[in-house]
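Below are the chains, spelled out letter by letter.
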Amino acid sequence: MGANTSQVSDLSDNPSLKALVGSDSISENDPFWNQLISFTFISPTSSGDSKLLEEAVIPLAKIFIENNPRSGNFGALVRVFLGRTKELKISTECQDQLFIWQAHNALFMIRCLLKVFIREMSEEELHLQFSYQERALGSCGEAGREDLLEELLSNLIHLIVEVPLLDITYSILFEAVTTLLVFFSYQLFHKDILRDGIIYRHIMKGRCLSLTSRMVKTLLYNFIRQEKCPPPATHVFEPKAEGGLLYGLASGVASGLWSVFTLGGAGGKVGVDQEHNPLPLSNQSLLLLLVLANLTDGPDWPNPYRQAITCFRNTQDTSSLSAEQPHTFQINFNSLYTALCEQQRSDQATLLLYTLLHQNANMRTYMLSRTDMDNLVLPILEILYHVEDRNSHHVYMALIILLILTEDDAFNRSVHEVVLKNVSWYSERTLTEISLGSLLILVVIRTIQFNMTRTRDKYLHTNCLAALANMSAQFRCLHQYAAQRIISLFALLSKKHNKVLEQATQSLRGRQGDNMALPDYAQDLNVIEEVIRMMLEIINSCLCSSLHHNPNLVYALLYKRELFEQFRTHPSFQDIMQNLDTVIGFFSQRLEQAGSDLSVERVQEVIMKGAQALPTDRLKKFPELKFKYVEEDQPEDFFIPYVWSLVFNSGVGLHWSPHGIELFSMDSG
C-alpha cells in the first residue's frame with residue numbers, strides 16, 4: 001500500500017492493492033511485495049473503526065476470491081509473510097524493527113482478507129485459496145505437496161511462543177493471536193458445534209501439537225502480565241490532523257516503524273470499564289485460550305489444550321513432572337491468582353477462573369489455601385450484587401464459582417474469620433463491619449430474591465441454595481442483618497407459597513370440569529415447596545451445628561416465629577420443623593421467665609445464656625447438607641456459544657456483522 005494511503009476510503013483505489021487482488025500473478029521475489037507491506041497505520045481496536053476497515057476490505061476481498069485461482073497471489077502473500085518471520089526471533093534480539101514491521105503488516109493484511117474469506121466460503125474452499133499459487137506458477141514435486149495453510153497455522157503458534165513480548169513485538173504478537181481467533185471463527189457461522197475440520201485437525205493433531213503446553217503457558221502469561229499498548233512515539237511522528245485508521249506520513253518508513261507499534265491509540269476500547277486502559281494483547285490472549293480450551297475432543301484423541309489447562313502446576317512445586325500427564329507445565333500460581341483477582345470485571349476472566357477451579361485440581365487447592373481469599377471472593381460477590389447489569393451467563397459463572405468454593409469446609413469456616421470494613425458497593429445498607437461469610441450470605445439471598453421477582457430461573461435458585469446449604473453447618477457469628485435477611489427470605493417464600501396455594505384452590509373450584517390450568521399451579525407449588533424445604537434445612541443445619549455461635553439468627557427466628565406456624569403440620573415439612581419448634585419453644589419459655597417489656601440487649605443476653613444451656617441431644621440429627629457442582633452432559637453446547645459471544649462482543653479490533661451469525665441469538669448478544 002506504500003506510505004501514500006491515508007484513509008480507509010482510499011483502499012479500493014490503491015494501485016498496489018488493485019495489483020494484489022488482480023488476475024496477474026506476482027512472483028514472491030518481486031519488489032512489489034516490499035512496497036506493499038511498507039505501509040504505516042494504527043490498527044483499530046474499537047468496534048466502530050474495525051467496522052469501517054472491514055467495509056473497505058470486503059469489496060477487495062471479493063474481487064480477490066474471483067481472481068486468486070488464476071493469480072495465486074494470496075499464497076504468495078502468505079509466503080512473503082512466512083519468509084519475513086523465519087528470522088523474527090533474531091530480528092527481535094537485534095532490534096531489527098524493519099523486519100518486524102513488515103512481517104506485522106503482511107500478517108495484518110492476511111488476517112483482514114481471511115476474515116472475509118471465512119464468511120464467504122467453506123473450509124475446503126479456503127484450503128484451496130492457499131494452494132492456487134502453486135498451480136499459477138506451475139509448481140510440482142515436493143513443494144507442491146506442502147500444505148501452506150498448516151504452515152501458516154504452525155508459524156503463528158511458533159511466533160506466539162518464541163518471540164518475546166517487548167514494545168517492538170507487541171503488535172505482531174497481538175496480530176498472531178487475533179489471526180488464530182479469525183481462523184476459528186468458522187464456528188460463528190454454524191448453529192451446530194463444529195467437531196472436526198481442516199483447521200481443527202491441524203491445531204489439534206498436526207505439527208502444532210508439540211507446542212500445546214508452551215502455547216497455553218504463553219497465553220496465560222499474556223493474561224497475567226496485563227501489558228498495556230506501548231505508548232505512541234509522538235517525538236518521532238505526528239499523525240495527520242484528520243485522523244482515521246490509516247495515516248499517510250510524509251516521513252515514510254522511519255515513522256511507520258513507530259506508528260505500527262501502537263494499537264488503537266487513544267480510541268482503543270477493551271470490554272467493560274477499560275476504555276482508558278486498553279490491554280488488547282491480554283484480552284485477546286484470554287479469548288484465544290478460552291476458544292482452544294473449549295474445542296471438543298476428537299473421535300480418538302482428547303483436546304490437548306484442555307489437557308494442558310487441567311494439569312499445569314505451580315513453579316513452587318518441586319516434584320518431577322509426570323509422564324502420564326501430557327502437555328503439563330509449570331507457571332507462577334501467585335501471579336495467576338493476583339491477575340484473576342484483579343480482572344473479574346470481565347466475563348472472560350470469570351470464565352477462566354471457573355475453568356481453573358473446576359478442571360485444575362492443583363490450582364483449586366492453591367486458591368483454597370490462600371489467606372487472602374477475600375481478594376477473589378469480593379469481586380465475585382460484586383458481580384452477583386449488580387445482577388441487573390450482568391448477562392445471565394456471567395451471573396451463572398459467578399454462582400458456580402461460589403458453589404465450588406463452598407464444597408470446601410475450610411473455606412466455609414475461614415470466610416467468617418475475615419472481617420471487612422465499609423463495603424462501598426453494597427448500597428442497601430451501610431455495612432461498617434461485617435464478615436466475608438455474612439456478606440456472602442447477604443449477596444446470595446439478594447440474588448435469590450431478584451430471581452424470584454424477575455427471571456424465575458430454577459437453575460439459579462438451585463445453585464444459590466446449594467451454596468448456602470454447603471456453608472450452613474459452619475455459619476459463625478452471623479451479622480444481625482444477614483440473620484434478618486435469612487428469615488426475610490423465608491417470609492417472602494411463605495407469602496409466595498400462600499398466594500400460589502390460593503390460586504391453585506380457586507382454579508380447582510372454578511374449573512372442576514377442566515383441569516387444564518391446574519398442572520401449572522401444581523408445578524409452581526412443587527417448586528416453591530422445594531425451595532421452602534431447602535431454606536428450612538439450611539436454618540436447621542445452622543441451629544444443629546452452631547446455635548451457640550449464632551445468637552442473631554435465634555433472635556431473628558424468635559422475632560418472626562409466627563411465620564413458621566403454618567408449616568408445623570404440613571406433611572412436607574413436619575420432620576424438619578421439629579428442631580425449629582424445639583428451639584423456638586425453648587427460647588420463648590426462657591424469655592417469658594425473664595419477664596415482660598424486655599430491651600433488645602436483655603433479649604440478646606437471655607439468648608446467649610440459653611444457647612449454652614440448650615442440650616444438644618434435644619435436637620434431631622439430620623444428614624449433613626452437601627452439594628457438589630457437576631457439569632452437565634455435553635457442556636460444549638453451553639460453553640462454545642458463550643465463548644464465541646465473548647469473542648464477538650469483546651474481541652479487540654474485530655467486528656462481525658450480525659447478519660449470518662448462526663451460533664447464538666443476536667438478540668441476547
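Treat the numbers as computed from the prediction; the structure is a model and nothing was measured.

**Q** What is the right way to look at the overall build of the protein in this model?
**A** A tally of regular secondary structure across the protein gives 29 helices and four strands. The burial tally for the protein puts 56% of its 669 residues in the buried class. Look at the contacts in the protein between residues 6 or more apart in sequence, and 75% of them connect residues 24 or more apart. Working note: accessible area of the protein is about 28700 Å², and carbon and sulfur atoms make up 49% of it.

**Q** Hey, could you run me through the side chain of Ser472 in this one?
**A** Relative to the elements of secondary structure, Ser472 occurs in helix α23 (residues 458-472). Here Ala469 takes part through its backbone oxygen, which lies 2.7 Å from a polar atom of the side chain of Ser472. Among residues more than four places away in sequence, those in contact with Ser472 are Ile538, Ser541, Cys542, Ser546 and Leu625.

**Q** Hey, could you run me through helix α17 (residues 347-359) in this one?
**A** The α-helix winds at 3.6 residues per turn, so residues separated by three or four positions along the chain end up facing the same way. Here α17 spans 18 Å end to end across 13 residues, near enough to the 18 Å set by a 1.5 Å rise per residue. Of all the 13 residues making up α17, 11 are buried; the element is thus mostly covered by neighbouring parts of the structure. Considered for burial, the residues of α17 that qualify are Asp347, Gln348, Ala349, Thr350, Leu351, Leu352, Leu353, Tyr354, Thr355, Leu356 and Leu357.

**Q** Looking at this structure, I do not really get helix α16 (residues 333-342). What am I missing?
**A** Within α16, burial applies to Phe333, Leu336, Tyr337, Ala339, Leu340 and Cys341. At its buried positions, α16 is contacted by α12 (212-225), β1 (313-314), β2 (330-331), α17, α18 (361-369) and α19 (374-385). At the N-terminal boundary of α16, the capping side chain belongs to Asn332, with an oxygen 3.0 Å from the backbone nitrogen of Asn334.

**Q** Please explain the side chain of Thr406 as it appears in this structure.
**A** Note that Thr406 resides in the loop between α20 (392-405) and α21 (409-414). Polar side-chain contacts of Thr406 include one of 3.2 Å to the side chain of Asn470. Excluding anything up to four places from it in sequence, Thr406 contacts Phe411, Asn412, Ala467, Asn470, Met471 and Lys626.

**Q** I tried to follow the packing of α16 against α18 on my own but got confused; where do I start?
**A** When two helices pack together, their arrangement is given by the angle between their axes and by how far apart the axes lie. α18 packs onto α16 with a crossing angle of 75° between their chain directions and a minimal axis gap of 11 Å. Between α16 and α18, the angle falls in the class roughly perpendicular. Between α16, through Phe333, Asn334, Leu336, Tyr337 and Leu340, and α18, the contact on the second element is made entirely by Asn362, Met363, Tyr366 and Met367. Classifying every residue of the contact of α16 with α18 gives seven nonpolar, two polar and no charged.

**Q** Looking at this structure, how should I read the environment of Asp347?
**A** Structurally, Asp347 is set in helix α17. You can call Asp347 buried: its relative accessible area is 12%. A sequence separation of 46 residues divides Asp347 from His393, and the C-alpha atoms of the two residues are 8.2 Å apart. Engagement of the side chain of Asp347 in a polar contact is seen with the side chain of Tyr642, the distance being 2.6 Å.

**Q** What is the right way to read the packing of aromatic side chains from this model?
**A** Applying the stated criterion to the full structure yields 25 aromatic pairs. For the pair Phe586 and Phe587, a centre-to-centre distance of 5.2 Å together with 85° between the ring planes defines the contact as edge-to-face. For Phe586, a relative accessible area of 10% corresponds to the buried category. Members of the aromatic cluster, joined through ring pairs, are Phe312, Phe329, Phe333, Tyr337 and Tyr366. Across from the ring centre of Tyr385, 4.0 Å away, lies the NZ or CZ of Arg446, which sits over that ring.

**Q** Before we go on, may I ask you to explain the pattern of salt bridges in this structure?
**A** Oppositely charged side chains may form a pair once their charged atoms are brought near each other. Using the criterion set out here, one finds 22 salt bridges in the structure. Salt-bridge contacts for Arg446 lead to Glu428; the nearest nitrogen and oxygen are separated by 2.7 Å. Taken together, the residues span a long stretch of sequence, with Arg446 in helix α22 (residues 436-453) and Glu428 in the loop between β3 (419-421) and β4 (433-435) at a distance of 18 residues. Taking relative accessible area as the criterion, Glu428 reaches 43% and is therefore assigned partly exposed. Arg568 serves as the salt-bridge partner of Glu565, at 3.3 Å between the closest nitrogen and oxygen. On the accessibility criterion, Glu565 (47% relative accessible area) is partly exposed. Its relative accessible area of 37% is what places Arg568 among the partly exposed residues. Residues joined by salt bridges that share partners form a network here, namely Glu388, Glu428 and Arg446.

**Q** I'm lost on unusual backbone geometry in this one. Help?
**A** Apart from glycine, the bulk of residues carry a negative phi angle, and the bulk of peptide bonds sit in the trans form. Even without being a glycine, Gln226 presents a positive backbone phi close to 50°. A positive phi angle is found at Asp597, which is not glycine, with a value near 50°. Within the fold, Asp597 resides in the loop between α27 (574-594) and α28 (600-613). Classification of Asp597 by relative accessible area gives exposed; the value is 80%.

Conventions adopted
- Residues numbered from 1 in each chain as written.
- Predicted model: local features only at pLDDT ≥ 70, side-chain atom pairs only at ≥ 80, totals over all residues.
- Heavy atoms only, no water.
- Helix = DSSP H or I, 4+ residues; strand = E, 2+ residues; numbered from the N terminus.
- Buried < 20%, exposed > 50% of the residue type's maximum accessible area, 1.4 Å probe, protein only.
- Contact = heavy atoms within 4.5 Å.
- Areas by Shrake-Rupley, 256 points an atom, 1.4 Å probe, with all protein chains shown as cover.
- Polar contact = N/O pair within 3.5 Å; in protein donor to acceptor, adjacent residues only side chain to side chain.
- Expected span 1.5 Å × (residues − 1).
- Axes fitted to C-alpha atoms, helices over the stretch in contact; angles between N-to-C directions.
- Parallel < 35°, antiparallel > 145°, perpendicular 65-115°, else oblique.
- Nonpolar A, V, L, I, M, F, W, Y, C, P; charged D, E, K, R; others polar.
- Phe/Tyr/Trp six-rings, centres within 6.5 Å; stacked < 30°, edge-to-face > 60°.
- Lys NZ or Arg CZ within 6 Å of the ring centre and 35° of its normal.
- Salt bridge = Lys/Arg side-chain N within 4 Å of Asp/Glu carboxyl O.

Keep in mind these values describe shape, not function.
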